Amino acid sequence: MVSQVPQIARALKKHKGTVALLVGLIMVAFAVITNCIFMIGDVVEQAQISTGVDEKNIAIIQDIAIVGSKSGVPVAEKLAELKRLPYVRGAAFGTSPLMSFNTLNVSLKSNLENATTVRLFLGSQGYSNALGIKVVAGRNLDDLTVPDYGSNGEAPALITEALDYRLFGTISGVGQLLYAQGSSFRVVGIMKDLRGRLTSDAEGSFSLLTIRRFDRQDMGGLYVIRSVDGKAKQGLAEGSRRLHELNPYHAQPYASTFLDMKREAIARRVALAQVLALLVIVLTAITCFTIGAMTSLWVRQRRVQIGIRRALGATKSSILTYFLIENLLVVGAGTSLGFLLAFGLNATAMHYLEMTRLPFAYCVSSMALVLILSQFSAIGPACKASMQAPAEVIRNQ
Amino acid sequence: MNLFGYHLRLGLISLRRNWLLSLLMVLSVAFGIGAFAATAGALTSLSGDPLKGQGEWTFHPQVDPTPIAKSEPLFDPPDDLTLRDARALYSAAPKGHRVMTSLNWLPLILEDSHKTQAKMAVTRAATADFFKLFQATFLYGGGWSESDDRGKSQVIVISRALNQSLFGGHNSVGEHVTISERTFSIIGVLDEWALVPRIYDLNDGAFAEPEQIFMPFDSWLSVPQDYGYGPMNCWANEQADRDHNPNSETCTWVQLWVQLSDSERPVYLRFLNNYSRDQKASGRYERDPNVRLPNALAWLAYKRAIPNAIKIQYWVALGLLIVCLLSTAALLGVKFRGSFPELGLRRALGASRRDIFSQLLAEGGLVGICGGLLGLLFGFLGLTVLRHSPEGYARYIDLSISSLFLSLGISVFCTLLATIIPAARAAGAPPYQQLVSN
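Residues numbered from 1 in each chain as written. Chains lettered and ligands numbered in written order. Predicted model: local features only at pLDDT ≥ 70, side-chain atom pairs only at ≥ 80, totals over all residues. Heavy atoms only, no water.

Considerations on the side chain of S28 of chain B
Move 1: One can find S28 of chain B in helix α2 (residues 19–47).
Move 2: Residue class for S28 of chain B comes out buried when judged on its relative accessible area of 1%.
Move 3: Residues contacting S28 of chain B, with those up to four places away along its chain left out, are I286 of chain A together with C324, S327 and T328 of chain B. (Helix = DSSP H or I, 4+ residues; strand = E, 2+ residues; numbered from the N terminus. Buried < 20%, exposed > 50% of the residue type's maximum accessible area, 1.4 Å probe, protein only. Contact = heavy atoms within 4.5 Å.)

Next comes the structure, spelled out in structure tokens:
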């Protein structure tokens, strides 16, 4: 069977034009499909990322004290009012994943050498409960030992598992002290995860959560409201209404459930992925049908030769394998060139469109998939060819 | 011409003989053309000159007051200007063709008998020439004058959308609105005005939500507000910057646009360089003159205003088109090869090579036309799908008829191109061999 390969290749050389077209077609199709699937996969992966908070039940309200507003209700009272609402099980003042946050350089040494950049989540009393943080070691923050807002002393903090591993290795960081510019943090517990953005990299999980006591301050900012299971929308509506009542001279330019916010954050990329998926399906279908049609036509045009071969003793299966090998050669050549083109396209995309590098594994598995698919496209016509009775072929001139 | 009609009929018969194959080719061309037409249409409707021809003479001056960084390749100057630089550059620009503009969130107080509500409205500060330079049209009333600018008049122009939500769409010229504790009177309501992309301020992205309120520049400056919500970009660590002080010499936030004729441009560019040199001499600037004067089109390219998604879709659709055309060419080639006996017979009966060639070309052309027409339909559907995507720019995508017909033309042209080589080879083959081939 393998010895047939050079013979088949020579036979193909007689149809240089058609073969070139086929190889070119497969090359472009492969390169485009592989890059598209890569982009789609990226989006699908992003949609699965969890930020580490109780996403289903949280809502965010942005409350701004505007110029000219009369002195209003202080933060602590607003939080107390919010917690009293039906459906609400926790409320705090502070930023949320996917909204803006600060970064901080923390280090194990007070001279801040070897610092790691972390995302800082600063909130009021009740913050870690409002976000629904899962604490896996140590203990959660409580409302007792909370430094006042504006103070610069040592503050209790939670760090993520990833950050714990980075700073302390396999020893637990619970109880250790972390230094930052102008402040220090005592690690009280380790949280499972807390991400500020929908990325899956390790650095994205380096987060530190700390709290301060907000008391008489009347500030604008973000309120996080955690509702009982499944009631995020109701919690949002109630919270929004109550905040309006408490101070009509505060504007609320942004109010959304966390899931809606997350959905909106990736909606654009999801739309792109859908369009690309449609184009990929069409592209794959056309390539498959073309290969199938080509094989079928070629088979029909060579029926006399096939008949002669059969008459001379070739078995049905050898005819079948002949066509399958021929198909393999053409598609193999196409995908090999397509492999190179795929990386070329990816490099251009990385330069102009800020894409990331196409992983080798993607290309290899894509190639395997295309080879298998093309064999399937060719099997039908190849089988038909092998089924022909030799005599009837020669008779049907 | 009669012969041409005959060839067409031959082509049609040949296509009908293997209608499944013909269908595959037509669909292939249709999908390729349709996808390409839709994505190319979206790309062109979002990447043209937003100022419809004026973009070439509308310029975005930039100077560089930033300190020299420790590593010293020459960076691009900041997008915006400090207030002091903006005023200086503004007064040097030709009167009637200059705009200073910026943006912020300002609180709108809506009081009615039942309750008071505060809403943050996106407010644009601009000098008088703004509406003329950026081709805005008014539904009611009009803009303000240079004297309003100087006199800090408490007047505003509102968007059609805001007029709809506050006044039910009626003529609200003369009505009063409370913004940040000051009372402003409405002197104009803008009509639907879509600058695609929104060239005068790309800070929030080229297709961000349109502003609701427009205010004279100096009136805006006199309104107490938190400038932190705007495009302020500060680089020093002084207290003034943390407070987002608009008068700070180390914060940029103002955009300047000037219209210059071909003769005025070099003069203004020289002014920018001289101004920067003077500032360096007086110690205000650290850098040597690092000025820019791009026109609107160059500015759009620099800011990469066209969304990546649109570009990606376009290139993928182009790949699809190439594959479809290659596929059609391959299939036509094999099909022609299969009709060799018939072609040989025709040659034997007296048809010339040109006759055969034109017959085959007609066959390919038919595929191109059918595929193209179907592709028009697909393209139309595709554009409709793109218009409904959740992106901000989706509503600006045009269903331009001309671009669709252009695709029909491209389809026929490309298919004919794909047909030429197989047809030539088939026409050139020796007739006897064709006749006896299987």
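Regarding the pattern of salt bridges
Move 1: Per the stated rule, a full pass over the model turns up 32 salt bridges over all chains.
Move 2: In this structure, E245 of chain A and R241 of chain A form a salt bridge, with 2.7 Å as the shortest nitrogen-oxygen distance. On the criterion of helical spacing, the pair formed by E245 of chain A and R241 of chain A is a turn pair, its members being four residues apart in helix α6 (residues 232–246).
Move 3: Overall, the relative accessible area of 44% leaves E245 of chain A in the partly exposed class.
Move 4: According to the relative accessible area criterion, R241 of chain A is partly exposed, its value standing at 40%.
Move 5: Residues R124 of chain B and E211 of chain B are paired through a salt bridge, measuring 2.5 Å at the closest nitrogen-oxygen approach. Of this pair, R124 of chain B sits in strand β3 (residues 116–126) while E211 of chain B sits in the loop between β7 (182–190) and β8 (213–216), and the two are 87 residues apart along the sequence. The same class applies to R124 of chain B and to E211 of chain B, which are both buried.
Move 6: Shared partners join several salt bridges into a network, and the residues in it are E81, R84, E238, R241, R242 and E245 of chain A. (Salt bridge = Lys/Arg side-chain N within 4 Å of Asp/Glu carboxyl O.)

Structural notes on helix α12 (residues 340–348) of chain B
Residues and elements named next belong to chain B.
Move 1: Along α12, the residues classified as buried are F340, L343, G344 and R347. Angular distribution of buried residues about the axis of α12 spans 100 degrees; they occupy a single face of the element.
Move 2: Its buried side turned inward, α12 meets α11 (308–338), α13 (353–387), α14 (401–428) and α15 (431–436).
Move 3: Positioned one or two residues after α12, G350 has a phi angle of 115 degrees, which is positive. (Arc of directions from axis to C-beta.)

Overview of the packing of aromatic side chains
Move 1: For the structure shown, the criterion picks out 26 aromatic pairs over all chains.
Move 2: Their ring planes at 75 degrees and their centres at 5.4 Å tell us that F38 of chain A and Y362 of chain A sit as a pair that is edge-to-face. In this pair, F38 of chain A sits in helix α2 (residues 16–48) while Y362 of chain A sits in helix α10 (residues 360–387), placing the two residues 324 residues apart along the sequence.
Move 3: Residues F271 of chain B and Y275 of chain B carry aromatic rings whose centres are separated by 6.0 Å and whose planes lie at 35 degrees to one another, so their mutual orientation is tilted. Of this pair, F271 of chain B and Y275 of chain B both sit in helix α9 (residues 264–281), four residues apart, which is roughly one turn of the helix.
Move 4: Among the aromatic residues, those joined into a ring-pair cluster are F130, F131, F134, F138, W144, Y200, F214 and W257 of chain B. (Phe/Tyr/Trp six-rings, centres within 6.5 Å; stacked < 30°, edge-to-face > 60°.)

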